[in-house]
Amino acid sequence: MPRLVAVSNRVAPIQEGEPTAGGLAAGVLDALKQQGGIWVGWSGEITAESTANPARTVGPIALYTINLSRKDYDEFYRGFANATLWPTLHYQIGLAQFDWNDFAGYRRVNDLFALAVSQVVRSDDLIWAHDYHLLCFAEALRAAGVTNRIGLFLHTPFPAPAVFMTIPSHAALIRAMCAFDLLGFQTETDRTAFSDYVVRQAGGKAGHNGTLHVFGRSLRTGVFPIGVHVDEVRVQAEDPVNRRLATRLRTTLRERLILSVDRLDYSKGLRQRFTAFERFLEEYPEHRGKITFMQIAPPSRSDVQPYREIRRELEAEAGRINGRFADVDWVPLRYLNRGFPRNVLMPLYAEAEVGLVTPLRDGMNLVAKEYIAAQDPDDPGVLVLSQFAGAAVELDAALLVNPYDQAGMAAALDRALSMPLEERRERHAAMLHVMRVHSLERWRDRFEAALRTP
Ligand code: ADQ
């Protein structure tokens, strides 16, 4: 089996014997543990100059990390990746900012990653890059003379061409993306949007099986929905030691629990969700005093402007809603501005009668999948899910909502809380079945197989 070289913005902190992390980190880690390999990424450190650290080995994995200079961090990470690409890929063009210097910094850091990989790669290695930080990575690696097969999996959505074209450097980005051999997307909608751009704006031709011919070369595109370790989540959710916090919560909380868990990010639709919850309390007063809505949302990217704003706004909104509806013995909304380790989080999912997952856009959304995996199949909770999460394609047995429709979300909450056991079981079983088929293992195996196949 060829060695795997994984490249992502961050390298997850790996401790042997620790429970696996979520999402991207879990997927990459699994693949590397299985067949051995190399993981290249930013260390999370900002230093005077951008420099490479000495290699570190953990079991079968060699870790190569890079420190970024302040200028590289500002232009690449805070700038082009998170102030231009992230909002645009999530259709939030009103929040996007653009600066050609940031784009130059983004390219420069992609070059740095490529240099690090070119120094360690062997001729038969498979190179698998992750996410929106590395769109120019393959082009840089080709310029360094590397001819290996190189794939990219985009964890975020890819928007309609008209939205992507609001980025002034869109043409250069697409040309760079076409230097990969394989581009993986979460859903067919994302893949088609990319293909449409290439065919209509870049003069490319679409061939069989997602092949695109453009800029004098051919590349494959494919759909690889990311999944979760279904059984591992349920084991964590049921573990008596892990359950201590959930049990404590149950003894103090008499009400039924509506739970949301997100990184604090405007794409997750928290502001709209708070408003919908207020609407729910207004329109369905019979639930007052009988439910608690708990929102867990640790701050993320707090040095990027819109992230600071949304944090302030949500704190004010939570206070206002509680001020309006709370009683001497009841607080409707618990807003926790902190994260929890996975082994604590999974039992909390299991405890919640309703999982409320309503991003405005999301590549996949693994919280929705983890919520389903954590439930007791004999008495499962109900998932209320945004139709704009990639997960909605597979989890169509959830109560699907439009996160911009407050009345619709309020009605879905009422319906979720009133759903008979039989219907809850049927919907849960249907979703669990799909998730077993589209597991994290399958995601990894299918992507690697496609990357190996010329
Ligand atoms: P994220 O935007 O981070 O990921 P998501 O998929 O929901 O979104 O979460 C990833 C992981 O982080 C999950 O395993 C979850 O348990 C954990 N997590 C989220 N909020 C947490 C919290 N408050 N406390 C502790 N843990 C928390 C990006 C894309 C998604 C895509 C993933 C994977 O934006 O669309 O699903 O990558 O491809």
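Each remark here, short or long, concerns the structure printed above.
Here the structure is a predicted model, which means the values were calculated and not measured.

Trainee: Hey, could you run me through the layout of surface pockets in this one?
Mentor: It is a probe the size of a water molecule, rolled over the atoms, that shows where empty space is left. Put simply, the second largest pocket is a space of about 260 Å³. For the second largest pocket, the lining is made up of 21 residues, of which Ala-350, Glu-351, Ala-352, Gln-375 and Asp-379 are closest to its centre. If you tally residues by element for the lining of the second largest pocket, the top one is helix H8 (residues 230-238), at 3 residues. Tallied by class, residues from the lining of the second largest pocket come to 9 nonpolar, 2 polar and 10 charged.

Trainee: Looking at this structure, how should I read helix H11 (residues 305-325)?
Mentor: Given 3.6 residues per turn, any residue in an α-helix points the same way as the ones three and four places further on. Helix length check: H11 (21 residues) gives 31 Å between terminal C-alpha atoms against 30 Å at 1.5 Å per residue, within 8%. Three or more residues of H11 are buried, namely Pro-306, Tyr-307, Ile-310, Leu-314, Glu-317, Ala-318, Ile-321, Asn-322 and Phe-325. Taken end-on, H11 shows its buried residues confined to a sector of 125 degrees, consistent with a single buried face. Projecting away from the buried face of H11 at angles above 90 degrees are the exposed residues Arg-312 and Gly-323. If you follow the buried residues of H11, they end up packed against helix H2 (70-89), helix H10 (270-283) and strand S14 (333-336).

Trainee: Help me out: how do you make sense of the pairing of strand S6 (residues 126-130) in this one?
Mentor: Both faces of the sheet carry side chains from a regular strand, because those side chains alternate between them. Along S6, 5 of the 5 residues are buried, which leaves the element largely enclosed by surrounding structure. Relative to S6, strand S1 (residues 4-10) runs parallel, the two being bridged by 4 bridges. By the bridge assignment for S6, Ala-6 is matched with Trp-128. When S6 meets strand S7 (residues 150-153), the two strands line up parallel, connected through 4 bridges. Of the residues in S7, the one forming a bridge with His-130 is Phe-153. For the handedness criterion, the β-α-β arrangement of S6, helix H4 (residues 137-143) and S7 is classed as right-handed.

Trainee: I tried to follow the site of the ligand on my own but got confused; where do I start?
Mentor: Not every one of the 24 residues close to the ligand is listed here, only the nearest: His-155, Pro-298, Asp-362, Leu-366 and Glu-370. A distance of 2.6 Å separates an oxygen atom of the ligand from a polar side-chain atom of His-155. Note that an oxygen atom of the ligand is positioned 3.0 Å from one of the side-chain N or O atoms of Lys-268. A total of 700 Å² of accessible area belongs to the ligand in isolation, and the protein chains cover 87% of it. Of all elements in the fold, only helix H12 (342-351) and helix H13 (366-374) reach the threshold of two or more residues within the shell around the ligand.

Trainee: Please explain the packing of H8 against H13 as it appears in this structure.
Mentor: Relative orientation and spacing of two packed helices are given, respectively, by the angle between their axes and the distance between those axes. Running from amino to carboxyl end, H8 crosses H13 at an angle of 65 degrees, the nearest separation of the two axes being 8 Å. Judged by the twist between their axes, the crossing of H8 over H13 is right-handed. Where H8 approaches H13, its residues Val-230, Val-233, Arg-234 and Ala-237 are matched on the opposing element by Glu-370, Ala-373 and Ala-374. Looking at the contact of H8 with H13 residue by residue, the class counts come to 5 nonpolar, no polar and 2 charged.

Trainee: It is not clear to me how the packing of aromatic side chains should be interpreted in this structure. Could you clarify?
Mentor: Aromatic rings in a pair are described by how distant their centres are and how their planes are angled relative to each other. Per the stated rule, a full pass over the model turns up 30 aromatic pairs. Each ring, one from Phe-158 and one from Phe-194, has its centre 5.4 Å from the other, and the planes form 80 degrees; the classification is edge-to-face. Residue Phe-158 is found in the loop between S7 and helix H5 (161-164), and its partner Phe-194 is found in helix H7 (residues 188-201); the two are separated by 36 residues along the sequence. An identical accessibility class is assigned to Phe-158 and Phe-194; each is buried. Pairing Phe-277 with Phe-293 gives two aromatic rings, centres 4.9 Å apart and planes at 55 degrees, and the pair type is tilted. With Phe-277 in helix H10 and Phe-293 in strand S13 (residues 291-296), this pair connects stretches of sequence that are 16 residues apart. Here the two residues Phe-277 and Phe-293 agree in accessibility, since each one is buried. Through pairs of rings, three or more aromatic residues link up here, namely Phe-76, Phe-80, Phe-98, Trp-100, Phe-103, Tyr-106 and Phe-113. If you follow Arg-10 out to its NZ or CZ, it ends over the ring of Trp-42, 5.3 Å from the centre.

Trainee: Would you mind showing me how to read the environment of Thr-247 here?
Mentor: As for its placement among the helices and strands, Thr-247 is situated in helix H9 (residues 244-252). You can call Thr-247 partly exposed: its relative accessible area is 40%. A C-alpha to C-alpha distance of 8.6 Å links Thr-247 and Glu-351, two positions 104 residues apart in sequence.

Trainee: Hey, could you run me through unusual backbone geometry in this one?
Mentor: Excluding glycine, residues mostly carry a negative phi; peptide bonds, for their part, are mostly trans. One non-glycine residue, Asp-131, adopts positive backbone phi at about 80 degrees. Here Asp-131 is to be found in the loop between S6 and H4. The phi dihedral of Asn-365 falls on the positive side, at around 90 degrees, and the residue is not glycine. By the element assignment, Asn-365 lies in the loop between strand S15 (354-357) and H13. Residue class for Asn-365 comes out buried when judged on its relative accessible area of 6%.

Trainee: Teacher, can you tell me more about the pairing of S1 here?
Mentor: Within S1, 6 of the 7 residues are buried, which leaves the element mostly enclosed by the surrounding structure. Of the pairings in the sheet, the one linking S1 to strand S2 (residues 37-47) comprises 5 bridges and is parallel in character. Residue pairing for S2: Val-7 is matched across the bridge by Val-40.

Trainee: Would you mind showing me how to read the nonpolar core here?
Mentor: Generally speaking, a soluble globular protein has its nonpolar side chains buried in company with each other. In terms of nonpolar packing, the biggest core is built from 94 residues, with Val-7, Ile-127, Phe-137, Phe-158, Leu-173, Phe-194 and Phe-277 touching the most fellow members. Formed jointly, this core draws a minimum of three residues from each of two domains, domain 1 (4-227 + 440-452) and domain 2 (230-437). Apart from the residues within four sequence positions on either side, Phe-137 is in contact with Val-7, Asn-110, Phe-113, Ala-114, Val-117, Ile-127, Ala-129, Ile-150 and Phe-180. Counting residues in each nonpolar core, the second largest holds 64 residues, with Val-367, Tyr-371, Leu-385 and Leu-451 among its members.

Trainee: Hey, could you run me through the sheet that holds strand S17 (residues 399-401) in this one?
Mentor: The strands that make up a sheet pair up through hydrogen bonds in the backbone, lying either parallel or antiparallel. The sheet built from 6 strands is open, its strands ordered S14-S13-S12-S15-S16-S17 with parallel pairing. The open sheet terminates on both sides in strands that have one partner only, identified here as S14 and S17. Strand-to-strand twist across the sheet, computed as the mean angle between neighbouring axes with direction ignored, equals 20 degrees. Across 3 bridges, the pairing between strand S16 (residues 382-386) and S17 is parallel.

About the thresholds
Within each chain, residue numbers correspond to sequence positions counted from 1 in written order. Selection of residues for local features in this predicted model requires a pLDDT of at least 70, selection of side-chain atom pairs for listing and counting requires 80 or more, and totals for whole chains, interfaces and linings are taken over all residues. Side-chain descriptors were evaluated using all non-hydrogen atoms of the structure, hydrogens and water having been removed beforehand. The method works on a 1 Å grid over the protein atoms by themselves. A cavity is a set of points holding a 1.4 Å probe that cannot get out, a pocket is an open set with protein on both sides within 12 Å along at least five of seven lines, and residues with an atom within 4 Å of a point line them. Grid points are joined across faces, edges and corners, and a volume is the space filled by probe spheres set on the points. Each helix corresponds to a stretch of at least 4 residues labelled H or I by DSSP, and each strand to a stretch of at least 2 residues labelled E; elements are numbered beginning at the N terminus. Classification used: nonpolar for Ala, Val, Leu, Ile, Met, Phe, Trp, Tyr, Cys and Pro, charged for Asp, Glu, Lys and Arg, polar for all others including Gly. In this scheme, a helix's expected span is set at 1.5 Å multiplied by one less than its residue total. Exposure categories follow from relative accessible area, calculated using a 1.4 Å probe and restricted to protein chains: below 20% of the type maximum is buried, above 50% is exposed, and the middle band is partly exposed. In this description, one arc is meant: the one made by directions from the helix axis to the C-beta atoms. Two residues form a contact once any of their heavy atoms are found within 4.5 Å. Any two strands with at least two DSSP-identified bridges between them are counted as paired. Call a crossover right-handed when, viewed with both strands pointing away from you, the route from the first strand across the helix to the second goes clockwise. Residues are labelled near a given molecule or strand when at least one of their non-hydrogen atoms is within 4 Å of it. What qualifies as a polar contact is a pair of N or O atoms within 3.5 Å, subject to a donor-acceptor requirement within protein and to the restriction that residues adjacent in sequence count only when both atoms come from side chains. Accessible surface is estimated by sampling points in the Shrake-Rupley manner with a 1.4 Å probe; for residues, cover comes only from the protein chains shown. Note on geometry: axes are C-alpha line fits, over the in-contact stretch for helices, and angles between N-to-C directions span 0 to 180 degrees. Take the far helix as the reference: if the near one is turned anticlockwise from it by less than a right angle, the crossing is left-handed, and if turned clockwise, right-handed. Put simply, two rings from Phe, Tyr or Trp (the six-membered ring, in Trp's case) pair if the centres are within 6.5 Å, and we call them stacked under 30 degrees between planes, edge-to-face over 60, tilted for the rest. Charges are assigned to positions over rings by a cutoff of 6 Å between ring centre and Lys NZ or Arg CZ, combined with an angular limit of 35 degrees from the ring normal. By nonpolar core is meant a set of buried Ala, Val, Leu, Ile, Met, Phe, Trp, Tyr and Cys residues that side-chain atoms within 4.5 Å join together. Bear in mind that the domain bounds are from an automatic or database domain assignment.

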